[in-house]
Amino acid sequence: MCPETGRARLSYRRAEEIFEENTRLLANPLASPEDIEDLDGWTLHRLRHSALTHDAEDGTSTPMLARSRHASVRSLERYARPGVDAVARHVAERDPAARRRM
């Protein structure tokens, strides 16, 4: 029971079902609403790893990312992959030559 609302908490499985059902059109932007029953939405697992990627892109340290309860930093690295723009921004911010030009 939730101490604030007095309601029963959702199980992970039920929360994932609700999330998947409600993201079907978002995950399939070219689909029509009539096809919603045949579509797959996003999973909570995908949401978790997307959040890790965004945190990594924003410069969150590895020890802080490791709080995601991955078994090892190696397994964390599989999911927390910053995009090309984030890596370029990170390198540019730390480039000594660029800092001297400022």
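Cut-offs used in this document
- Residues numbered from 1 in each chain as written.
- Predicted model: local features only at pLDDT ≥ 70, side-chain atom pairs only at ≥ 80, totals over all residues.
- Heavy atoms only, no water.
- Helix = DSSP H or I, 4+ residues; strand = E, 2+ residues; numbered from the N terminus.
- Rg over C-alpha atoms; globule rule 2.2 N^0.38 Å.
- Buried < 20%, exposed > 50% of the residue type's maximum accessible area, 1.4 Å probe, protein only.
- Contact = heavy atoms within 4.5 Å.
- Areas by Shrake-Rupley, 256 points an atom, 1.4 Å probe, with all protein chains shown as cover.
- Lys, Arg positive; Asp, Glu negative; His and termini not counted.
- Charge placed at Lys NZ, Arg CZ, Asp CG, Glu CD.
- Polar contact = N/O pair within 3.5 Å; in protein donor to acceptor, adjacent residues only side chain to side chain.
- 1 Å grid on protein atoms, 1.4 Å probe; cavity = no way out; pocket = protein on both sides within 12 Å on 5 of 7 lines; lining within 4 Å.
- Points joined across faces, edges and corners; volume = space filled by probe spheres on them.
- Nonpolar A, V, L, I, M, F, W, Y, C, P; charged D, E, K, R; others polar.
- Expected span 1.5 Å × (residues − 1).

S.K.: Any chance you could explain the overall build of the protein chain here in plain terms?
M.R.: Per the secondary structure count, the protein chain includes 7 helices and 0 strands. Taken from the N to the C terminus, the helices and strands of the protein chain come in the order α-α-α-α-α-α-α. Computed over the C-alpha atoms, the radius of gyration of the protein chain is 19 Å, more than 25% above the 13 Å expected from 2.2 N^0.38 for a compact globule of 102 residues. Burial analysis of the protein chain (102 residues in total) assigns 19% to the buried set. In the protein chain, 31% of the contacts between residues at least 6 apart in sequence involve partners at least 24 apart. Taken as a whole, the protein chain presents about 8400 Å² of accessible surface, with 53% of it coming from carbon and sulfur. Computed over 17 positive and 17 negative side-chain charges, the inter-centroid distance for the protein chain is 11 Å.

S.K.: Can you walk me through the environment of Arg24 in this structure?
M.R.: With respect to the helices and strands, the residue Arg24 is situated in helix H2 (residues 24-27). For Arg24, a relative accessible area of 13% translates into the label buried. Expressed as a C-alpha distance, the spacing of Arg24 and Thr53, which sit 29 residues apart in the sequence, is 22 Å. Beyond its immediate stretch of four places on either side in the chain, Arg24 contacts Ile36, Glu37, Leu39, Asp40 and Gly41. Here the side chain of Arg24 touches Ile36 through a polar contact of 3.4 Å, landing on its backbone oxygen.

S.K.: Please clarify how the layout of surface pockets should be interpreted in this entry.
M.R.: By rolling a water-sized probe across the atoms, one finds the places where empty space is left. Estimates place the volume of the largest pocket at around 330 Å³. For the lining of the largest pocket, the elements supplying multiple residues, two or more each, are helix H3 (44-57), helix H4 (62-65), helix H5 (73-79) and helix H6 (84-94). No other element matches H6, which puts 6 residues into the lining of the largest pocket. Looking at the lining of the largest pocket residue by residue, the class counts come to 8 nonpolar, 4 polar and 6 charged.

S.K.: What is the right way to read H3 from this model?
M.R.: One turn of the α-helix equals 3.6 residues, which is why residues spaced by three or four share an orientation. The end-to-end C-alpha separation of H3 is 20 Å, in line with the 20 Å expected for 14 residues at 1.5 Å each. Those residues of H3 that fall on the buried side of the exposure criterion are Leu44, His49, Leu52, Thr53 and Ala56. A positive backbone phi angle near 95 degrees is found at Gly59, which sits one or two residues after H3.

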